[in-house]
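Geometric and topological summary
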Amino acid sequence: MLTKRNKPMAQEVLDALPDTYYVVNINRKSIVQTNDKKVKAGAACYAVLFNRTEPCNIKKGQCICQLNFSDNKKNEFYISAGTAGSQRHFKVKGSLLKKQLALITVQDETDFLEQKEAFKQNTKRLQRAEQLAKFGYWEFDVQTKVFTTSLGGKLIYGLEKNEITLEEVRTFNLEAYQDLFDSAMKALIKEGQGFDIPYKIRRKNDNQIRSIRALATYLPARKMAFGIVHDVTDTEKLDIVKRQHQEYLSLLFENMNNAFAQHRVVTNDNGQISDVIVMDVNPCYETLFGIKRENIQNKSIRTFFPDLSDEWVEKFGQVALTGKAEQFIDYFSSLEKFLEISIYSPGQGYFVTSINDVTKRVEAEIELKETKEKAVESDRLKTLFLANMSHEIRTPLNGILGFSNLLSQDGLSNENRLYYGKIIENSGKRLMTIIDDIIDVSMIQSDQIKIDFTEIDVNELLNEIFTVYTKEKAEKLTRIKFKIKPITKDEPCLFYSDKSRLFQVLNNLLDNAFKFTEHGSIEFGVESIDQKQVVFFVKDTGRGIRVDKQDYIFDSFRQAEEGQTRSHEGFGLGLAIVAGIVEKLDGKILLDSVPGKGSVFKIVLPHNRLPKNTTRDEPNRDNVFAHPKMPKKVVSFEDEEISIALLRTVVQRQGYEVINFINAREGIEYLRKNSADLVLMDVKLPDVNGYEATKIIKKEFPDLPVVIQTAYAMADDRKAAFESGCDDLIAKPLTIDAIHQQLHKHLVVKE
């Protein structure tokens, strides 16, 4: 307790203190002494200090001061006073002087605490905002090289604490962005230069790659840098999606097959449509109308379509104003096209047009009737062809079967026997010609026809043909002049082409000429020859071909005369074969015909030169029917009795020994034990096919010649035959001449 003797001295001490202090008797709840001039000694402490009407926070009979200052230690506590809405908050600090006296200071912390609470709430709001916006605030101490970051920064980087060194931050950066980050930080630290940079980090807590945008500013006075980091990963993804969507729409607009245009309508003061402005068009629109985009954008549609009627403008405008779509097809004479136009409005006052060129579709519909008529005609031609085919095949068969039957009868004179045999032979040749023509057409249509280019002596070829027809048409040549026009001595007479196919072309044209010419003349040869082309011709004075028939005379199964009233044999393949072969020879065929006066066919072929290092094969002039000097042995592989009999007869008549085997294995075993000079091999055998048998024979007896005989006449069959290793090939039906040639080639000439 202060005495009167020391009270003035204590008061002087209190008055000298900078803060307001109170000496309180905590038992009596009264102020004993204070340097607060407004307060008198003896006043109730709870009333003066805390604006209360009764002691503070009584607990177990003691007030809050008694509870906090029960010992000699310094202590502090907070106490609130007042009612809700006007409550004040005080901070009490002090210590016990004597048993009952305490020296305390009281500060009104109401404003501070309210500001602190507001700051706390604002911090929470900021943190929520940081999380939502994915940004964080940071400070950087230039001297310590330490970052202090907000909660948002911690979340972005996946940190466990809010302080991190510069070196630690660098470990988050992707390698591609390290130099950019280092340069920015170096400029910030050494030059105080702020930055705004994008970079990518790998967040360590979940290993995700995040896109970051960081901004910084520098305060030299504090040697501190401040900034924010923004996680823009989701924004970038959204931007990519938006950009891709925009690019997709742009690509769709630019690359759509339809012409596409955007427009807006112009109305006058009365609301009537006065004009249409073109806003944009796509490349297809430019191509369709021949207008450049830059020349039509934001200009009146009438600038480029001056003939556009008011009706069209009104139609466009109504779509733009009402939103009701339109679609129609119209013919544009300026473009010579049928266009399908679709019009719709994306918004009031605007419309777009999608224009599709449907010319082909409309023309297809127009041609549908013609196609149907052609189908009917095709069916008619097919029926006619089958009838002709039946007739053409049955006619020679009738001769073969009929005269074969006559030959088997007794009492025939030698003269009749020879005559009947000749008829059978001619009928067989005619039937063979039909089969050959069908095969040739099939090969041409399937692009399997084989072309073998060799050097050709044109005059030699023409003379060969002339000799053949002079002999074969001897009877008709009594009424017709048959002339040849060879190449003169001053002109080159060698060129490079397929001799057999060219022979076939001229042969077919001459056959037609002789077929349809009863009187007058037939001439063939070379019309002209130069460095670029050779022009062959066949000219006759026959009945000619009508103009309306000339368009399809080179089609398969078509003839100038059709039906059952035809005056000549044949079923319309000759000229089709000619056209197909000429095309394969890289040439063209021309026709000039006048009904009643005759026809001229011209074959124009390129004047190809003989490739270097290629030699011309000289024909062998030996007598193909010469007999060998000594008997030789021929082994045949054949399972058809008729073919066996034919081969045996022809070979034996040439003076050779012949032995036949139906099964290939038996024949091969025979060859292993016996000698032979020639093998004639059929393809279709009961046990092993002829190709495989040939491979075995050529492997074991490479010097033994093997000639394959086959009824298969396609190019692939020839290829398979020679791939098996055979030395030559004969196509069935076998002729005596063909057999003689093979015997001569492999037995006589070889000897």
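Residues numbered from 1 in each chain as written. Predicted model: local features only at pLDDT ≥ 70, side-chain atom pairs only at ≥ 80, totals over all residues. Heavy atoms only, no water.

1. With respect to the overall build of the chain
Note the following rule: Only DSSP runs of H or I covering at least 4 residues are called helices, and only runs of E covering at least 2 are called strands; the numbering of each starts at the N terminus. Accessible area is worked out with a 1.4 Å probe on protein chains only. A residue is then buried under 20% of its type maximum, exposed over 50%, and partly exposed in between. We call two residues contacting when some pair of their heavy atoms lies within 4.5 Å. Residue burial considers only the protein chains on display, and all accessible areas are found by Shrake-Rupley using a 1.4 Å probe.
What the chain contains, in helices and strands, is 22 helices and 29 strands. Each of the 751 residues in the chain was classed as buried or not, and the buried ones make up 39%. Taking the intrachain contacts of the chain between residues at least 6 apart in sequence as the baseline, contacts between residues at least 24 apart amount to 54%. In the form shown here, the chain has an accessible surface area of approximately 44500 Å², with 51% of it arising from carbon and sulfur atoms.

2. Description of the sheet that holds strand S9 (residues 195-202)
This is how the line gets drawn: In this scheme, strands are said to pair when DSSP sees at least two bridges between them. To obtain an axis, a line is fitted to C-alpha atoms, over the contacting stretch when the element is a helix, and the angle between two such axes runs from 0 to 180 degrees between their N-to-C directions.
Taken in spatial order, the 6 strands of this open sheet run S8-S7-S6-S11-S10-S9, and their pairing is antiparallel. The open sheet has two free edges, formed respectively by strand S8 (163-165) and S9, since each of these has just one partner strand. On average, each strand axis in the sheet is tilted by 30° relative to the strand beside it, whichever way the strands run. Pairing analysis gives 4 bridges linking strand S6 (residues 135-141) to strand S7 (residues 146-149), with the strands arranged antiparallel. From the neighbouring strand, glutamate 139 faces S7, where its bridge partner is threonine 148. Its contacts with the sheet put helix H7 (residues 175-191) on S6, S7, S9, strand S10 (209-219) and strand S11 (224-231), and the angle it makes with S9 is roughly 140°. Sheet strands in contact with helix H8 (residues 233-255) are S9, S10 and S11, and its direction is about 120° off that of S10.

3. Focus on the pairing of strand S12 (residues 259-267)
Sheet topology places S12 next to strand S17 (residues 350-357); 6 bridges connect them, and they run antiparallel. What sits directly across from glutamine 262, in S17, is valine 352. Inspection of the sheet shows S12 paired to strand S13 (residues 273-281) by 7 bridges, in the antiparallel sense. Bridging from a neighbouring strand, histidine 263 pairs with valine 278 of S13. Between S12 and the antiparallel strand that follows it, S13, lie 5 residues; glycine 271 among them carries a positive phi value of about 80°.

4. Points about unusual backbone geometry
Of note in the backbone geometry, lysine 145 takes a positive phi value of approximately 60° without being a glycine. Looking at the secondary structure, you find lysine 145 in the loop between S6 and S7. Taking relative accessible area as the criterion, lysine 145 reaches 32% and is therefore assigned partly exposed. Even without a glycine there, the phi angle at asparagine 298 is positive, about 60°. Residue position: asparagine 298 is located in the loop between helix H10 (293-296) and strand S14 (299-300).

5. Considerations on the packing of helix H18 (residues 641-653) against helix H22 (residues 736-748)
To keep things clear, this is the line we draw: Angular relationships are summarised with four words: roughly parallel below 35 degrees, roughly antiparallel beyond 145, roughly perpendicular across 65 to 115, and oblique for the angles in between. Helix crossings are classified by the rotation of the near helix relative to the far one: an anticlockwise turn of less than a right angle makes the crossing left-handed, while a clockwise turn makes it right-handed. Three classes are used, and their members are as follows: Ala, Val, Leu, Ile, Met, Phe, Trp, Tyr, Cys and Pro are nonpolar, Asp, Glu, Lys and Arg are charged, and the others, Gly among them, are polar.
Relative to each other, H18 and H22 sit at 55°, their axes nearing to 10 Å. With respect to H22, the element H18 is oriented oblique. Considering how the two elements wind past one another, H18 and H22 form a crossing that is right-handed. The segment H18 lies against H22, with Leu647, Val650 and Val651 engaging Ile736, Ile739, His740 and Leu743. Residues of the contact of H18 with H22, tallied by class, amount to 6 nonpolar, 1 polar and no charged.

6. Observations regarding the pairing of S6
Only one face of S6 is buried: it carries Gly136, Trp138 and Phe140, and the other face, with Phe135, Tyr137, Glu139 and Asp141, is open. Sheet topology note: the S6/S11 ladder contains 7 bridges and is antiparallel. Note that in S11 the partner of tyrosine 137 across the bridge is isoleucine 228. A loop of 4 residues connects S6 with S7, the two strands running antiparallel in sequence, and lysine 145 in this loop sits at a positive phi of about 60°.

7. Looking at the packing of helix H14 (residues 458-472) against helix H15 (residues 499-516)
Two numbers describe how H14 lies on H15: the axes approach to 11 Å, and their chain directions differ by 40°. Judged by the inter-axis angle, H14 sits oblique to H15. In this structure, H14 crosses over H15, and the sense of that crossing is right-handed. The segment H14 lies against H15, with Glu460, Leu461, Leu462, Glu464, Ile465 and Tyr469 engaging Lys499, Leu502, Phe503, Leu506, Asn507, Leu510, Asp511 and Phe514. In the contact of H14 with H15, the residues fall into 9 nonpolar, 1 polar and 4 charged.

8. Let's talk about the side chain of serine 95
Residue placement: serine 95 occurs in strand S4 (residues 88-96). Ignoring any residue separated from it by four or fewer positions in sequence, one finds serine 95 in contact with Phe69, Asn72, Lys73, Lys74, Ala102 and Leu103.

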